[in-house]
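# Summary of the model geometry
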Amino acid sequence: MKINLDIHNTKISEYNNFCLAAVNAESIFSNFKRSPIYNNILEKIGEPIGKKYYDIIKQDHNILKCLDKIKINDSLGNPRKFLYGTHFISPTTLRYTKVYMDLSRNHDLNGMSIFEVGGGYGGQSFIFNKLGNIKDYTITDLPNVNLLICKYLKLLGCDSNV
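Moving on, we get to the overall build of the protein. Across its full length, the protein holds nine helices and four strands. The linear arrangement of helices and strands in the protein, starting from the amino end, is α-α-α-α-α-α-β-β-α-β-α-β-α. Relative to its length of 162 residues, the protein is compact, with a C-alpha radius of gyration of 16 Å against a globular reference of 15 Å. Each of the three principal axes of the protein carries a C-alpha extent, and together these read 45 × 40 × 35 Å. In the protein, which comprises 162 residues, the share counted as buried stands at 42%. A separation of at least 24 residues holds for 62% of the contacts in the protein among residues at least 6 apart in sequence. If you sum the accessible surface of the protein, you get close to 8,800 Å²; carbon and sulfur atoms cover 54% of it. A distance of 4 Å separates the average location of the 20 positive side-chain charges in the protein from that of its 15 negative side-chain charges.

Following this line, the structure appears as structure tokens:
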């Protein structure tokens, strides 16, 4: 399979530049999760896949009870949200919650240090910080994406190293 690196590099460059614009302009930040440039990379999970995540999550009553504090992740960037059960929440937040569930079932996360490569806007980190008793969470990404992550997590009062 041959990959057209010019197209790939152009998309990455557009994404990186868009993240910087979102950091610097509140009008862009307030809707960044709906931008076609951003959706090319992230925030493209639809309602049906979100329903599958929700159906799995609702089987864990401890996690289900935490959805109100988890869906704070959707308070920034204007993501697409849908009604799942009694929760109006984005499919991406449900995906991040499912990832946390999978890892916590297979590993004792208590006091663990997490390192994430490609943190997007920091949503996975937010979920881990809300649900887990982790020691610390470190994220690395492209430079302008790191700036977006820092802004996003700071506004949510979440402590992560970026």
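Another aspect to go through is helix H9 (residues 143-155). The first and last C-alpha atoms of H9 sit 19 Å apart over 13 residues, in line with the 18 Å expected at 1.5 Å per residue. Those residues of H9 that fall on the buried side of the exposure criterion are Asn 144, Val 145, Asn 146, Leu 148, Ile 149, Lys 151, Tyr 152 and Leu 153. One or two steps after H9, the chain reaches Gly 157, where phi turns positive at roughly 70°.

Glancing now at the pattern of salt bridges. With the rule as written, the count across this model stands at five salt bridges. Glu 26 serves as the salt-bridge partner of Lys 151, at 3.4 Å between the closest nitrogen and oxygen. In this pair, Lys 151 is assigned in helix H9 and Glu 26 in helix H2 (residues 26-29), connecting sequence segments 125 residues apart. Residue Lys 151 is classed as buried on the basis of its relative accessible area of 19%. With its nearest N and O atoms 2.8 Å apart, the salt bridge here joins Lys 51 to Asp 55.

Attention now moves to the pairing of strand S3 (residues 113-117). Only one face of S3 is buried: it carries Ile 114 and Glu 116, and the other face, with Ser 113, Phe 115 and Val 117, is open. Pairing of S3 with strand S4 (residues 136-140) involves five bridges; the strand directions are parallel. What sits directly across from Ser 113, in S4, is Asp 136. Handedness of the S3-helix H8 (residues 123-131)-S4 crossover: right-handed.

What tends to happen in soluble globular proteins is that the nonpolar side chains get buried as a cluster. Counting 40 residues, the largest nonpolar core has Phe 32, Tyr 38, Leu 94, Leu 148 and Tyr 152 as its most contacted members. Within the residue set of this core, elements represented by two or more residues are helix H1 (5-24), helix H4 (47-57), helix H6 (67-70), helix H7 (91-106), H8, S4 and H9. Residue contributions to this core peak at five residues, all from H9. Apart from the residues within four sequence positions on either side, Leu 94 is in contact with Gly 50, Tyr 53, Tyr 54, Ile 57, Leu 67, Tyr 84 and Ile 89.

A separate point is the packing of H7 against H8. Put simply, H7 and H8 touch, their axes get as near as 9 Å, and they point 55° apart. Taken together, the axes of H7 and H8 lie oblique to each other. As H7 runs across H8, the sense of the crossing is right-handed. The segment H7 lies against H8, with Thr 93, Tyr 96, Thr 97, Val 99, Tyr 100 and Leu 103 engaging Gly 123, Gln 124, Ile 127, Phe 128 and Leu 131.

On to unusual backbone geometry, then. One non-glycine residue, Glu 43, lies in the positive phi region at around 60°. Mapped onto the fold, Glu 43 is located in the loop between helix H3 (36-39) and H4. The backbone of Asn 78 sits at a positive phi, close to 55°, despite the residue not being glycine. Within the element layout of this structure, Asn 78 appears in the loop between H6 and strand S1 (82-84).

Each value, and the rule that gives it
- Residues numbered from 1 in each chain as written.
- Predicted model: local features only at pLDDT ≥ 70, side-chain atom pairs only at ≥ 80, totals over all residues.
- Heavy atoms only, no water.
- Helix = DSSP H or I, 4+ residues; strand = E, 2+ residues; numbered from the N terminus.
- Rg over C-alpha atoms; globule rule 2.2 N^0.38 Å.
- Buried < 20%, exposed > 50% of the residue type's maximum accessible area, 1.4 Å probe, protein only.
- Contact = heavy atoms within 4.5 Å.
- Areas by Shrake-Rupley, 256 points an atom, 1.4 Å probe, with all protein chains shown as cover.
- Lys, Arg positive; Asp, Glu negative; His and termini not counted.
- Charge placed at Lys NZ, Arg CZ, Asp CG, Glu CD.
- Expected span 1.5 Å × (residues − 1).
- Salt bridge = Lys/Arg side-chain N within 4 Å of Asp/Glu carboxyl O.
- Pairing = 2+ DSSP bridges.
- Right-handed = clockwise from strand over helix to strand, strands pointing away.
- Core = buried A, V, L, I, M, F, W, Y, C linked by side-chain atoms within 4.5 Å.
- Axes fitted to C-alpha atoms, helices over the stretch in contact; angles between N-to-C directions.
- Parallel < 35°, antiparallel > 145°, perpendicular 65-115°, else oblique.
- Left-handed = near helix turned anticlockwise from the far one by under 90°.

All quantities given are derived from atomic positions and should not be read as evidence of function.
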